[in-house]
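One letter stands for each residue in the lines below.
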Amino acid sequence: MTTFRVPFMRLVPGEDRPAIDAAIRRVVERGWYVLGPEVEAFERSFAAACGAAHAVGVGTGTDAIAIILRGLGLGPGDEVITTPVSAAYTALACMMAGATPVFADIDPRRLTISPSAIEAAITPRTAAILPVHLYGQPADMRAIMAIARARGLAVIEDCCQSHLATCEGRPVGSSGVAAAYSFYPTKNLGALGDGGAITTNDAGLAERMKRIRNGGQTDRYHHGEMGVNSRLDEMQAAILSARLPLLAGWTAARRARAATYRQLLAATGLEVPPECDAGHVYHLFPILSPRRDQLQAALRADGIETLIHYPVPIPRQPALEALSPAVCPEADRVCAQVLSLPLYPGMSEADLRAVAGAIRRLTA
Ligand SMILES: *Cc1c(COP(=O)(O)O)cnc(C)c1O
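Residues numbered from 1 in each chain as written. Predicted model: local features only at pLDDT ≥ 70, side-chain atom pairs only at ≥ 80, totals over all residues. Heavy atoms only, no water.

## Quick look at the site of the ligand
What surrounds the ligand is a group of 13 residues, the closest being Gly61, Thr62, Asp158, Ser182 and Lys187. Within the side chain of Thr62, one N or O atom sits 2.5 Å away from an oxygen atom of the ligand. Take Thr90: an N or O atom from its side chain is 3.3 Å from a nitrogen atom of the ligand. Elements represented by at least two residues in the shell around the ligand include exactly helix H3 (61-71) and helix H4 (89-96). Grouping the constituent residues of the shell around the ligand by class yields four nonpolar, seven polar and two charged. (Near = heavy atom within 4 Å. Polar contact = N/O pair within 3.5 Å; in protein donor to acceptor, adjacent residues only side chain to side chain. Helix = DSSP H or I, 4+ residues; strand = E, 2+ residues; numbered from the N terminus. Nonpolar A, V, L, I, M, F, W, Y, C, P; charged D, E, K, R; others polar.)

## So, helix H7 (residues 203-213)
Because an α-helix completes one turn every 3.6 residues, residues spaced three or four positions apart along the sequence face the same direction. Buried within H7 we find Leu205, Ala206, Met209, Ile212 and Arg213. Along the axis of H7, the buried residues cluster in a sector spanning 120°; they form a single face. For H7, the N-terminal capping position is held by Asp202, with its side-chain oxygen 3.0 Å away from the main-chain nitrogen of Gly204. In the stretch just after H7, Gly215 is the one whose phi turns positive, near 75°. (Buried < 20%, exposed > 50% of the residue type's maximum accessible area, 1.4 Å probe, protein only. Arc of directions from axis to C-beta.)

## Examining the pairing of strand E4 (residues 126-130)
The buried fraction of E4 is high, at five of five residues. Pairing of strand E2 (residues 79-82) with E4, which is carried by four bridges, proceeds in the parallel orientation. From the neighbouring strand, Val80 faces E4, where its bridge partner is Ala128. Where E4 meets strand E5 (residues 154-158), two bridges bridge the pair, whose relative direction is parallel. (Pairing = 2+ DSSP bridges.)

## Considerations on the domain arrangement of the chain
It is common to report an interface's size as the accessible area lost on association of the parts. Domain boundaries in the chain define domain 1 (17-244) and domain 2 (246-363). Distance between the C-alpha centres of domain 1 and domain 2: 24 Å. Roughly 3,200 Å² is buried in total at the junction of domain 1 and domain 2, and carbon and sulfur atoms are behind 66% of that figure. For domain 1, the biggest contributors to the area lost against domain 2 are Phe103, Tyr135 and Asn188; these three give 23% of the whole. Linking domain 1 to domain 2 there are 19 residue pairs in polar contact (both at pLDDT 80 or more). Put simply, the parts of the chain that give the side of domain 1 that touches domain 2 at least two residues each are H4, strand E3 (100-103), strand E6 (166-167) and helix H8 (234-243). The class makeup of the residues in the side of domain 1 that touches domain 2 is 22 nonpolar, 11 polar and six charged. (Domains from an automatic or database assignment. Buried area = accessible area lost by both parts, 1.4 Å probe.)

## Some remarks on the pairing of strand E8 (residues 178-182)
Counting buried positions along E8 yields five of five residues, so the element is predominantly enclosed. Along E8, one buried face is formed by Ala178, Ala180 and Ser182 and the opposite face, lined by Ala179 and Tyr181, is buried too. The pairing of E8 with strand E9 (residues 196-200) spans five bridges and is classified as antiparallel. Residue pairing across strands places Ala178 opposite Thr200, the latter belonging to E9.

## Quick word on the nonpolar core
Ranked by size, the top nonpolar core spans 40 residues in total, and within it Phe42, Phe46, Tyr181 and Phe183 carry the most contacts. For this core, the secondary structure elements donating two or more residues are helix H2 (37-50), helix H5 (115-121), helix H6 (141-151), E8, H8 and helix H9 (247-265). Residues lining this core come from more than one domain, with at least three contributed by each of domain 1 (17-244) and domain 2 (246-363). Leaving out residues up to four positions away in the same chain, Phe42 has contacts with Phe183, Leu189, Leu232, Ala237, Leu240, Ser241 and Leu244. One finds Ala128, Ile156, Ala180 and Ala206 within the second-largest nonpolar core, a separate group that totals 25 residues. (Core = buried A, V, L, I, M, F, W, Y, C linked by side-chain atoms within 4.5 Å. Contact = heavy atoms within 4.5 Å.)

## Regarding the pattern of salt bridges
Under the criterion given, the structure shown has 17 salt bridges. Note that Arg211 and Glu225 form a salt bridge whose closest N and O atoms lie 3.8 Å from each other. In this pair, Arg211 is assigned in helix H7 and Glu225 in the loop between strand E11 (222-223) and H8, connecting sequence segments 14 residues apart. By relative accessible area, which is 22% here, Glu225 ends up partly exposed. If you follow the salt bridges from partner to partner, you end up with Arg5, Asp302 and Arg361 in one network. (Salt bridge = Lys/Arg side-chain N within 4 Å of Asp/Glu carboxyl O.)

Given below as structure tokens:
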């Protein structure tokens, strides 16, 4: 394992350590580990933080998407239009629910799903649109909602990279019928393990999804419909409750570091995707370079860790090759050129300048 002088991120708790230790102790002393008071409390506070009426804690962000689709009664025969540039889990979740992901290319500026490409991908089988607020940048929800309303389609928002983001001042996740969140440790709000949540303003849908996450049980040992086993556990819920009050500050720290990168990289001629909405929460800070692989190798040699989100457009993944091929040239270009620079709330100014300085030397 290489050790980097500037790691991509650090996952050992810092300022949140005392609150996390107290949360873990509380759960262990109570002796209640699945679907209990911690999950209920976190669901309430997370819904409030997202500007939603209800939240449902689930096992992962992937499950969150699949459970929303099931909750809406979508499955085999239904097409879900989504983006080719995301964690592949976005599309895998559609397939877990039995639905068919259909890929609409991305907007080359925003790097989120292109509204005109959505229009072109609509068929009589289209049931839903699944935009992803990729890298923390909100998708163009105004245009997406206009299409959905005109065509009678459901909108499900993948907010796994966009905790607390806003789109034209409105919380992400509040335009569509429901939104999926992941608390995978690297996300803007991360657990110390897997976790996920769904937010919605629809009380009936929330109740149904609570049943689905718990085996479809209507009552203990009575399974009214076919559900899954996907529950946020008490330990993770308690940890997330400890961290949630810090999230706004962490988001501000991400934005400040992104602004510094923009300033320091302005003279390099590298393509830095624009901030299309002030509500961007900078889950990642990607740059684009036609010489991406050489740049990454040179940074690695200089002790700077970078990652690629994502090297392969989802429709080009072997796991999805049975689907009809999608033509997404913008996705192909971005996946060939994109490189995520280190960025996390506790990242020091010195590390930020070291990364920008190395890139400036390498691109001079
Ligand atoms: C992380 C992520 C997921 C999957 O979340 P898990 O909790 O890992 O299942 C889905 N979509 C996007 C955009 C993600 O970043």
